[in-house]
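Structure at a glance
As a plain string of letters, each chain reads:
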Amino acid sequence: SAPDKLVACAKHYVGYGTAEGGRDYDAGEVSEPTLRDIYLPPFESAIKSGVGTVMSAFLDLNGVPASGNRRLLTDVLRGEWGFDGFVVSDWDSVLELVNHGVAEDAPHAGAIALHAGVDMDMVSNTYINTLAASLQSGKVSQDDIDEAVRRILRIKIRAGLFDQPFT
């Protein structure tokens, strides 16, 4: 929260460089040992060094889009490594869950991403436009929304944004 400090964001979690043909938004295949030995260690190091946010990658890794990958965003990042910051989606990647073929529509995409562990939806407005209705219909829980908000507020408090909002 010092005036000369910033909150760091580690991106693009994880395997972003493995996309076939070097194209953004494409599929990547990585074995579990390669993921654990090559791609995850830099992110684990960033977490241990105090990074406040992580950006989910914009690719389909081993058949699961990164912004819908609960195993990587919740089980590994938060469970194994104890990350207590927040995850922000890559540009429009929450809504892109529809194009990746894992979500039927925007509300479904928002529910998948939130459940996976994406706390902040960058650009697509899927959370803003759908989460209230998804909460009312039971597709997302108040606890999931509260936890995402809690993570975001935790980092804003640590950064001193409520004490000095115009640093």
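Summary of the structure given here. Being a predicted model, the structure only gives us computed values, none of them experimental.

1. Focus: the overall build of the protein
Secondary structure assignment for the protein yields 6 helices and 6 strands. The order of helices and strands in the protein, counted from the N terminus, is β-β-α-β-β-β-α-β-α-α-α-α. Considering only C-alpha atoms, the protein reaches an extent of 45 × 40 × 25 Å along its principal axes. Across the 167 residues in the protein, those meeting the buried criterion constitute 43%.

2. A short note on the packing of aromatic side chains
Counted according to the given criterion, the structure contains 2 aromatic pairs. An aromatic cluster is defined as three or more aromatic residues linked by ring pairs; in this entry it consists of Y13, F43 and W81.

3. Topic: the sheet that holds strand β4 (residues 60-61)
If you trace the 3 strands from one edge of the open sheet to the other, you get β2-β4-β5, paired in mixed fashion. Of all strands in the sheet, those bounded by a partner on one side alone are β2 (27-28) and β5 (64-65). The pairing of β4 with β5 spans 2 bridges and is classified as antiparallel. If you follow L61 over to β5, its bridge partner there is V64.

4. Considerations on a nonpolar patch on the surface
Taken together, the side chains of V149, L153, I157 and F162 define a hydrophobic patch exposed on the protein surface, amounting to about 380 Å² of accessible area. Its location among the elements puts I157 in helix α6 (residues 142-158). Taking relative accessible area as the criterion, I157 reaches 55% and is therefore assigned exposed.

5. What to know about the side chain of S67
Within the element layout of this structure, S67 appears in the loop between β5 and α2 (70-80). On the basis of relative accessible area, S67 is assigned to the buried category, the value being 2%.

6. Section: the sheet that holds strand β6 (residues 86-88)
Read from one edge to the other, the open sheet built from 3 strands follows the order β1-β3-β6, with strand pairing classed as parallel. Each edge of the open sheet carries a strand with a single partner, namely β1 (9-13) and β6. Each adjacent strand pair in this sheet contributes to an overall mean axis angle of 25°, direction not counted. Bridge count between strand β3 (residues 53-56) and β6: 3 bridges; the pairing is parallel.

7. Some thoughts on the nonpolar core
Residues Y13, V14, V54, L77 and W81 are the most contacted members of the largest nonpolar core, which totals 35 residues. Mapped onto this core, the elements with two or more residues apiece are β1, α1 (32-48), α2, α4 (106-116), α5 (126-136) and α6. No other element matches the 5 residues that α4 contributes to this core. Excluding its chain neighbours within four sequence positions, the residues that come into contact with V54 are C9, A10, Y13, I47, L77, F83, F86, V87 and V88. In this structure, M55, F86, V88 and I152 belong to the second largest nonpolar core, which totals 5 residues.

Conventions and cut-offs
Residues numbered from 1 in each chain as written. Predicted model: local features only at pLDDT ≥ 70, side-chain atom pairs only at ≥ 80, totals over all residues. Heavy atoms only, no water. Helix = DSSP H or I, 4+ residues; strand = E, 2+ residues; numbered from the N terminus. Buried < 20%, exposed > 50% of the residue type's maximum accessible area, 1.4 Å probe, protein only. Phe/Tyr/Trp six-rings, centres within 6.5 Å; stacked < 30°, edge-to-face > 60°. Pairing = 2+ DSSP bridges. Patch = residues over 30% accessible without salt bridge, like charges linked within 9 Å, V, L, I, M, F, W, Y side chains within 5 Å. Areas by Shrake-Rupley, 256 points an atom, 1.4 Å probe, with all protein chains shown as cover. Salt bridge = Lys/Arg side-chain N within 4 Å of Asp/Glu carboxyl O. Axes fitted to C-alpha atoms, helices over the stretch in contact; angles between N-to-C directions. Core = buried A, V, L, I, M, F, W, Y, C linked by side-chain atoms within 4.5 Å. Contact = heavy atoms within 4.5 Å.

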